[in-house]
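Descriptive analysis of the structure
Listed below are the residues making up each chain.
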Amino acid sequence: MHAWPLRMALTGALIAVAAPTSSVLASGGGGMGGGQMPSFSAPRYDPVQEYQLGMADFQAAKYRSAVNHFENVTDAQGHDANAWYMLGMAKSGAGDLKGADKALTKSVKLDPQPLAPHRDLAITDAKLKQSDKANAELEVLNTRATACADACPDAADLKASIAAVCQALGVGTPSASLPLHGDFKDAGLDRGDLAYTRAVSLINERRFPEALAALDRAEMTLGPHPDVLTYKGYVWRKMGDLDRAETFYKAAIAEAPNHRGATEYYGELMVIRGDLGGARRMLAKLDDQCAFGCAEAEDLRRWIERGGDPAS
């Protein structure tokens, strides 16, 4: 397993506007003056930087601006559950509870694992007087708490989340606003880097549920960074959920098409599934990128030759 330099990738990220790629319609008729097709001149956003700009605005209580940034992220990375979660929180802060409900519902559907979206969706539903939906989310939390039995890494968060939902439903004193979750109220890039580094250590120790929680904390701060997405895919693969692993590998490659780690691990997943043709296509990508060879290509080559994990 390889660890990739997260901060180097972050500081190299830029928000880019697509340069005109065609002069279609430049001499055509019509009253708009010709020029490029709209799809060629529309702005393209770096999801990682847009996420971090949104997070900065969110922390500064500039919720409407945060909504704009998080919407740019979800436009670019429509399957990123965490981005939809933060969009929901920003909409809630801006007073758009119905919009928040839609975004949080999307987050939960994309990835039902994190606790915070279930909690905050339930609280939002309670505020909207949608008690059936709120109680359904509360049931999800209660079921997980029963399975946890105070022995899982999320035990304290589960208790706090259940208490917050009960309070919103009127079991306790009604809360005035959605809670600002500790994972992002004082988040910064250094904290995200620390969570990422901790996750890599936990992966090396094969403590996969704890590693996943650390990666969730890293993504909460850093956004849909391809390194974080790649390791989330790796952890889910190790935990036996190949479909979810594939989702994260695809998201990482969509963000960074030449990401060697994501390409290698996606190729390994294809080997596990018996798709050697797909794995060879991933290997060909790596060979094109690595003119003088690289560890990722050699590791995947051994997987293909062995028909599985060469270390097993």
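First, a word on what this report is: a plain description of the structure on this page. (Residues numbered from 1 in each chain as written. Predicted model: local features only at pLDDT ≥ 70, side-chain atom pairs only at ≥ 80, totals over all residues. Heavy atoms only, no water.)

Using the criterion set out here, one finds two disulfides in the structure. Two residues, Cys-148 and Cys-152, share a disulfide whose sulfurs are 2.1 Å apart. On the sign convention where negative means left-handed, the S-S torsion of about -100 degrees between Cys-148 and Cys-152 marks this disulfide as left-handed. Across the disulfide from Cys-290 sits Cys-294; the S-S distance is 2.1 Å. An S-S torsion of about 70 degrees defines the bridge between Cys-290 and Cys-294 as right-handed. Here Cys-290 and Cys-294 have matching classes, each one buried. (Disulfide = S-S within 2.5 Å. Buried < 20%, exposed > 50% of the residue type's maximum accessible area, 1.4 Å probe, protein only.)

Attention shifts here to the side chain of Lys-232. Among the secondary structure elements, Lys-232 is positioned in helix H13 (residues 226-238). Given a relative accessible area of 3%, Lys-232 falls into the buried group. Among residues more than four places away in sequence, those in contact with Lys-232 are Leu-212, Leu-215, Asp-216, Glu-219 and Phe-248. (Helix = DSSP H or I, 4+ residues; strand = E, 2+ residues; numbered from the N terminus. Contact = heavy atoms within 4.5 Å.)

Working definition: two side chains of opposite charge can pair if their charged atoms are close together. Per the counting criterion, the structure on display carries 20 salt bridges. Close ionic contact of Arg-207 with Glu-210 constitutes a salt bridge, the shortest N to O distance being 2.8 Å. Judged by relative accessible area, which is 31%, Arg-207 ranks as partly exposed. On the basis of relative accessible area, Glu-210 is assigned to the partly exposed category, the value being 29%. For the salt bridge of Arg-237 with Glu-268, the shortest nitrogen-to-oxygen distance reads 2.9 Å. Placement of Arg-237 in helix H13 and of Glu-268 in helix H15 (residues 260-272) is noted, with a sequence separation of 31 residues between them. You'll find Arg-237 and Glu-268 in the same group, each marked buried. Here the salt bridges share partners, and the residues they tie into one network are Asp-243, Glu-246, Lys-250 and Arg-273. (Salt bridge = Lys/Arg side-chain N within 4 Å of Asp/Glu carboxyl O.)

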